[in-house]
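Next come the chains, spelled out residue by residue.
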Amino acid sequence: MAERFKAIALVDFDYFYAQCEELRHPEYRGRPIAVCMLTGEGSGAVASANYVARKFGIKSGMSVSKAKSLAPDIVILPVDISHYQQVSSSIMNKLREEFRAVEQASIDEAYIDLGELGKAEAETAGIRIKQIVKEAGGIKCTVGIGPNKLIAKMASDKAKPDGLMVVAPEEVDSFLESSKLEEIPYIGRKTAEKLGSLGIKTIIEARRLRVEDLIKLFGEKKGIMIYNFLRGIDERKLELERKRKEFEKFVSLKGKTPEEALAEAARKLYERLGGKSFREVGVIVVFDDLTARTRSKTFKYHVSSFEELLSSALELLRSIEAVSGGKKIRRVAVKVSRFEKKEGSLLDYLS
Ligand code: DGT
Ligand code: CA
Ligand code: CA
């Protein structure tokens, strides 16, 4: 039987901004898409490109004009960060519901502590993570699993897109030996070039350097980190203690009236709050065309009753409906924030 190990997963959403756009613009599917930070008259840089665009050589950071010259047929869309944030937070919330320890590392990445597992169980957990991400946000993702954050991240980078890779402890060495120096996170191109100028081109060659040599080259902190990473050693813990500043709960209508869906969202949210009192309530309404509207209200004092939460949420919903011209509603959410300062409790991050 394969040995069990403390398994860490890194889930990374594939071509995230561009995939969010593909989902709400099915008419562009199959075409090259670049989501861009536009700065003015057609200028700007690519933030995320779908895989069709990547076949033309388009990547993040490239100028829009360069992207257009490589793929004249390309669809250029502006970054709509609040939409991607919304997709991301519904997925992250679902992951937190299912797993005990989740660290959101960026808008499209989270580390998950899976506990002690054998390789086959880790694979099953990875499939489950992909399924949750698909169900919660319609998003394809890649999951890397390893004995620490470093290996999880590298495995996910290697398995992109729509992939899953598990690297068990006994496989770490061969995994690293088949990887390029610049594939180690934080080593990057510049560091790899500096090592290259010293005749060091591979991970195996770099391992011959003493920790003192690496400290001389890169300073103490980075030098030690590189020394460890070259050997697959990474002691970084998941950062779970970051206090949540707000909680939100989305519910899809699916035959319910907006009021019913909102009441359900308020109830589920209230259950997660564990009695915490709050000063701000917000409502998010997502329409059938996937545009969204948000309204919020602030109380003079902290409140903690369900009745107050529900009645203010309903009031906010009505005020949004009053200005939405009868557009059909797809999903609603209730959120609360501005909590009373108290001793941190488990509920601050277990939700
Ligand atoms: P992937 O993971 O290779 O399938 O592709 P992405 O697009 O998900 O790339 P990733 O994971 O490196 O970054 C996640 C999101 O962060 C990406 O969708 C857009 C944003 N982003 C990444 N690189 C840049 C950049 O250079 N500029 C700007 N403005 N945004 C970026
Ligand atoms: Ca990422
Ligand atoms: Ca990504």
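Here the residue index of a chain counts from 1 through its sequence in written order. By the order in which they are written, chains take letters starting at A while ligands take numbers starting at 1. With pLDDT at 70 or above as the cut-off, local features in this predicted model cover only qualifying residues; side-chain atom pairs require 80 or more to be listed or tallied, and sums for whole chains, interfaces and linings still use all residues. Side-chain measures here rest on the full set of heavy atoms in the structure, leaving out hydrogens and waters.

## Observations regarding the site of ligand 1
Inference 1: We call a residue near a molecule or strand when any one of its heavy atoms sits within 4 Å of it. Around ligand 1 sit 14 residues, and of these Tyr15, Phe16, Ser48, Arg54 and Lys160 come closest.
Inference 2: For this analysis, a polar contact is any N or O atom pair within 3.5 Å, provided that within protein one partner can donate a hydrogen and the other can accept it, and provided that sequence-adjacent residues contribute only side-chain to side-chain pairs. Between ligand 1 and Asp108 there is a distance of 2.9 Å, counted from an oxygen atom to a side-chain nitrogen or oxygen.
Inference 3: Here the open area of atoms and residues is found with the Shrake-Rupley method and a 1.4 Å probe, where only the protein chains shown may cover a residue. Burial of ligand 1 by the protein chains amounts to 69% of its free accessible area of 590 Å².
Inference 4: We count a stretch as a helix when DSSP gives it H or I for four or more residues in a row; a strand needs E for two or more, and each element gets its number in order from the N terminus. Among the secondary structure elements, those contributing two or more residues to the shell around ligand 1 are β1 (5-13), α1 (16-24), β3 (43-49) and α2 (51-54).
Inference 5: Throughout this entry, Asp, Glu, Lys and Arg are counted as charged residues, while Ala, Val, Leu, Ile, Met, Phe, Trp, Tyr, Cys and Pro are counted as nonpolar. The remaining residues, Gly among them, count as polar. The residue inventory of the shell around ligand 1, partitioned by class, reads seven nonpolar, two polar and five charged.

## Some details on the coordination of the calcium ion (ligand 2)
Inference 1: Of the protein atoms, only Asp12 (OD), Asp108 (OD), Asp108 (OD) and Glu109 (OE) coordinate the calcium ion (ligand 2), at distances of 2.2 to 3.1 Å.
Inference 2: Coordination here is defined by N, O and S atoms within 2.8 Å of the metal (3.2 Å for Na, K and Ca), and since water is not considered, a site can look incomplete. One chain supplies every donor to the calcium ion (ligand 2), and in sequence these donors are spaced D-x95-D-E.
Inference 3: Metal-to-metal, the separation of the calcium ion (ligand 2) and the calcium ion (ligand 3) is 3.5 Å; Asp12 coordinates the two.

## Considerations on helix α8 (residues 188-196)
An α-helical segment advances 3.6 residues per turn. Residues three or four places apart therefore align on the same side.
Inference 1: Burial status follows relative accessibility: with a 1.4 Å probe on protein chains alone, a residue under 20% of its type maximum counts as buried, one over 50% as exposed, and anything between as partly exposed. Buried within α8 are the following residues: Thr191, Ala192, Leu195 and Gly196. Buried residues of α8, viewed axially, fall in a sector of 145°; they line one side. Residues of α8 that are exposed and point more than 90 degrees away from the buried face comprise Arg189 and Lys190.
Inference 2: Here, residues are in contact when the closest pair of their heavy atoms is within 4.5 Å. On the buried face of α8, the contacting elements are α10 (211-218) and α11 (220-229). The arc in question is traced by the directions running from the helix axis to the C-beta atoms.

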